[in-house]
Every structure is written in C-alpha cells, then in structure tokens.
Amino acid sequence: MKLSKQLIRQRHVSVVVAAVAFAALLFLPHANAQTIKSVDKTLPEVLRSSNEKSCFCKLGGEVDDCSCTVESVDLFNNNQIYEQLTDLLATDYFKYYPVDLLTPCTIWKDEGTCSLSNCGVKACTEDEVPEGLKNGKGEENQSAKTAGKKYSEEAQEEGCRQVDETEVTLSKIDKTISEASNEAFKTWSKHDDAQNDFCQLDDETSPTLEYVNLLLNPERYTGYAGPHANKIWTSIYKENCFIDKSPDDSSYGLPIAGMCLEKRVFYRMVSGLHTSINTHLSARYYHPPKTAFDKGTWDLNASEFYDRFDPEKTYGHGPTYLRNLYFTYLVELRALAKAAPYLKDQLFYTGKKEYDEKTRETVAKLLDVATNFPHHFDESKLFQGEASQLKEEFRLKFLNISQIMNCVGCDKCRLWGKIQVRGMGTALKILFSGDDMSANSVLTSESSHFQLNRVEIVSLFNAFGRLSTSIALIEEFRRLVP
C-alpha cells in the first residue's frame, strides 16, 4: 500500500526518523509498563489470541475537546499531509538546526550525563552549512517580497561604492546614532517578544552554538535511561501540568477529572507529545544482529507498542493516551493554518535562489492543505471570563518545561527534546497572538506584536512532523493486528 511504501522509504533516508532519542531520555511510560524482554517484531501471543485485546489501537469517534473524529484525522494526515511534510523536512532550510547543547541546567544540580556512543551529536563543519544560514544570516526571516534584492549581486556589494569626504563624515555621525538606537530597539523588541514566548530559545550569540544536520543525527533509542531520565517526565507532569499526582500512582495519566478546559488542553498536549515519543520508540526499536555477520536494524516492535498502550498494562488508559496524540496534532495543525499567511510571506533563505523558491512552493502547498482541513481546533474558547487569569500561568509553565530540556544528560535526546518542545511552544505562541482571537483568525506579516525567527519556524514544522509520523506509524501497527 502507498503508506507502507512511503514509510519504508522514510526509514532509508532517515528524514523523519521518530522521536526515539527523546523517548529514551524520557523513558518513563504513561503508566507502570512491564520491562520488555523480547524484541521480536511479531505480535505477542496474548494479543494474537484475543481480538478484544488487540483492537485497542483501532480508535474511533471524536477526539476529546475537538469537533472532529480520529478517522478523519487519519485520512487527512496519511493521504494529504505526511508525504509532503516528509519531503519538506529534508530541505536545507529545515534540516540545518542551530542549537547550544552546553546550556547549563538551572533547575537541578545533579545534571546526569550519558557516556553512551549513541547519545552523541555530530555538529556540522562550517563548509557544510549553507552560506545563507552562516553567522546568523536567515535567522530573522525576510519577506519573500524582498527576494529579488536579497539574491542580487548588487545587494551583496551594497556599501562598497566610492563616496566623498563630506558623505563619509555625515555617514559616521549617522551611523553612531543609528547603532545606539538599534541597540535600544533590539532590547525593547526582545523584551516585548519575551512576553509572548512560550519556550526558551538558545542564545544566538553563544560561542557554543553549533549547527546540526538533523538527517545525520536522527532520533532513535540511545540507551539513556534510569532515575535521572525518569525525573524529566516526573517534573514535567507533576510540577508543570496542573496536577499533583505522582507517576507511581495507578491513576497517573488521567488526572483531568474536574479540570477546566484550559488545564485539560495543557495536559492533553503534553500527554500527546509523550504518546508520540512512545510510538516512535516502539517503531524505531533496535533489533540486534542475528549472527556475527549481520548488522542490527531499526524497525517496528509491536510488543513494545502494545506494552505501552495495552489497557491491561496502562490501567485502562492506553487508548486515551493515543487520543491525546490526535489532540496535540490538531492543536499544532491549527497553529500552522492560523500562521499560514505569515509563513507564506517568508523567504526561507539559504542563499540558493532556485532551491529556496522550491522550498517556498512546497511550504505554500502544505499550508494550503492545512488551512483547508474542515475541523480545526478552536482556540477562541480558551481563557474566557474568569479563566483569562490562567493565560500567564499557562505560558510560564510551558516556559519552564522548555528549560527542563537543558537538564537532559544525553546530547541527542536534548537536541530533539528542544526541537519538539520549542515547536509546541511556537504553536501556542501563534494561537494566542494577534489582534483577532476568533476561531478563524489568521496572522500576517502586518500582525502587531508577532514575529517568528527561523529557529521557531524550523522547530514548528519539525515538531508537527513528529506528530504526523506518529499517526502514520499507528496505522502501520494497526496492520499488524489480526
């Protein structure tokens, strides 16, 4: 079938290799799943012997707090979004990612470190990074309307013409004033932007900031686990998700009874991310070589998937975890649709004109598909009336989650953790920005107090790519059900 062939192609090119490294670091499952002792790709005997037990991943009906069904999301993602998004994430603009993996953890003193080879990240050399992205070029997105000037040789040589002495003197005076003003404007701008940010970004001037080719550093299981890794999810849920239940509680994962809509949304988004990670871990699982002459492979592990989502092993909550994945997908899909006019106006500059034009065309086509989805998440229902006071707390809690990513001891896990959390934070920033907060509102380049830099845009698309891939992978697991 078409989807299966596409997934096979994807594994070979590693373009959207699942969020397994991040899953390894955040290895704690939603509930107390048993340790997996088998890496056999076939279904567990207990599941093959009972249709009732094996059909839990065949979800149906409405997605909680949304107006669409699981079936409609499956059809939409697997036939219209997944393949286009996979191709887009392989382009230079979206695969080269600047990150500071040495940002210190400010939350805990006992910052664990991973010495396993799979935890390492290979940074790009200067020659590997596209010219248009070096030294911060392209970090602040230029409008596509200025493309001609950006690519022209005249623009590259601007400022090199001969001038007379008077003009030089005046230029020096004006430049001094301009620099002082610009520094002030930058400070004010950063302060204003910070009031709308939902996640912490790396300092772009840091000497330890490096570019990473995401295709050469795919997300997959690294072996990073244990108490320190488990503490990541514990902190995220218990301290930042408006809940006070311990991960050891048998009801962990469904503490939302009585919660207001805003708190349910926050929890379901984090749970959906968690589900996506566990799905990727099950789908990109390392299978050791069978003989000394073979090589190990990364492939589906149905036993792992069912142990993580089987109702009997998740206190009956597995199907709800899967539904939360669909919820998170719908939230980020709506963010793409709302920001579509703004994103279509970006240059996606890497310095290669024809290549960048193709990237812009691909982005525009994908955004058209996203916009035309008929059952978008409605953010206008949030923070109404007395709930309006929760908005800042909502933002600060997610900001804290993004800071927790600096405490991850595995470099590869930290890399992909930052990308996915930043992507979700960017989606929230989009949803709660703009002058019009109605259900069908959009953001444009003229929208007040709204701007995205390249890191936010790349994070947004890659994070949505992880969710899209998870939904496609669940379809693959369904095919294994008898």
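Analysis parameters
Residues numbered from 1 in each chain as written. Predicted model: local features only at pLDDT ≥ 70, side-chain atom pairs only at ≥ 80, totals over all residues. Heavy atoms only, no water. Helix = DSSP H or I, 4+ residues; strand = E, 2+ residues; numbered from the N terminus. Buried < 20%, exposed > 50% of the residue type's maximum accessible area, 1.4 Å probe, protein only. Areas by Shrake-Rupley, 256 points an atom, 1.4 Å probe, with all protein chains shown as cover. Disulfide = S-S within 2.5 Å. Core = buried A, V, L, I, M, F, W, Y, C linked by side-chain atoms within 4.5 Å. Contact = heavy atoms within 4.5 Å. Phe/Tyr/Trp six-rings, centres within 6.5 Å; stacked < 30°, edge-to-face > 60°. Expected span 1.5 Å × (residues − 1).

What follows concerns the overall build of the protein. In terms of regular secondary structure, the protein is built from 18 helices and 4 strands. The buried share of the protein, taken over its 482 residues, is 53%. Within the structure as shown, the protein displays about 21900 Å² of accessible surface, and the carbon and sulfur contribution to it stands at 50%.

Let's shift gears to the state of the cysteines. Applying the stated rule across the entire model yields 1 disulfide. Between the sulfur atoms of Cys105 and its disulfide mate Cys407 the distance is 2.0 Å. Taking the sign of the S-S torsion, about 75° here, the bridge from Cys105 to Cys407 comes out right-handed. Here Cys407 lies in the loop between α16 (390-404) and α17 (411-431) and Cys105 lies in the loop between β1 (96-99) and α7 (147-151), a separation of 302 residues in the sequence. Assigned by exposure class, Cys105 and Cys407 land together as buried.

On to the nonpolar core, then. Within the largest apolar cluster, 104 residues are counted, with the highest numbers of intra-cluster contacts made by Phe94, Tyr329, Leu330, Leu343, Leu415 and Phe461. In this structure, Leu415 is in contact with Tyr97, Val99, Leu101, Val121, Val212, Leu214 and Asn217, ignoring residues within four places of it in sequence. Cys124, Val129, Leu133 and Tyr211 belong to the second largest nonpolar core, which has 5 residues in total.

What follows deals with the environment of Lys418. Looking at where Lys418 falls in the secondary structure, it is placed in helix α17. By relative accessible area, which is 3% here, Lys418 ends up buried. For the pair Lys418 and Ile404, spaced 14 residues apart in sequence, the C-alpha separation works out to 9.3 Å. Beyond its immediate sequence surroundings of up to four residues, Lys418 is in contact with Val99, Asp100, Thr103, Asp202, Met405 and Asn406.

Overall, the coordinates contain 21 aromatic pairs when judged by the stated rule. On the basis of an interplanar angle of 50° and a centroid distance of 4.6 Å, the ring pair of Phe76 and Phe373 is categorised as tilted. Of the two residues, Phe76 is situated in helix α5 (residues 70-88) and Phe373 in the loop between α15 (353-371) and α16; the sequence distance between them amounts to 297 residues. Accessibility expressed as a relative area gives 5% for Phe76, which makes it buried. Geometrically, the ring pair formed by Phe94 and Phe348 is tilted, given 5.9 Å between the ring centres and 35° between the ring planes.

Moving on, we get to helix α13 (residues 318-338). For α13, spanning 21 residues, the distance from its first C-alpha to its last is 31 Å, which sits close to the expected 30 Å at 1.5 Å a residue. Of all 21 residues in α13, 19 are buried; the element is thus mostly enclosed.

In most cases, non-glycine residues show a negative phi, while peptide bonds are predominantly trans. Here the phi dihedral of Tyr315 falls at roughly 55°; this positive angle occurs in a residue that is not glycine. Its identity as a non-glycine residue notwithstanding, Phe383 has a phi of 55°, on the positive side. Phe383 gets classed as buried once you look at its relative accessible area, which sits at 10%.

The values reported here are purely geometric and, on their own, carry no functional implication.
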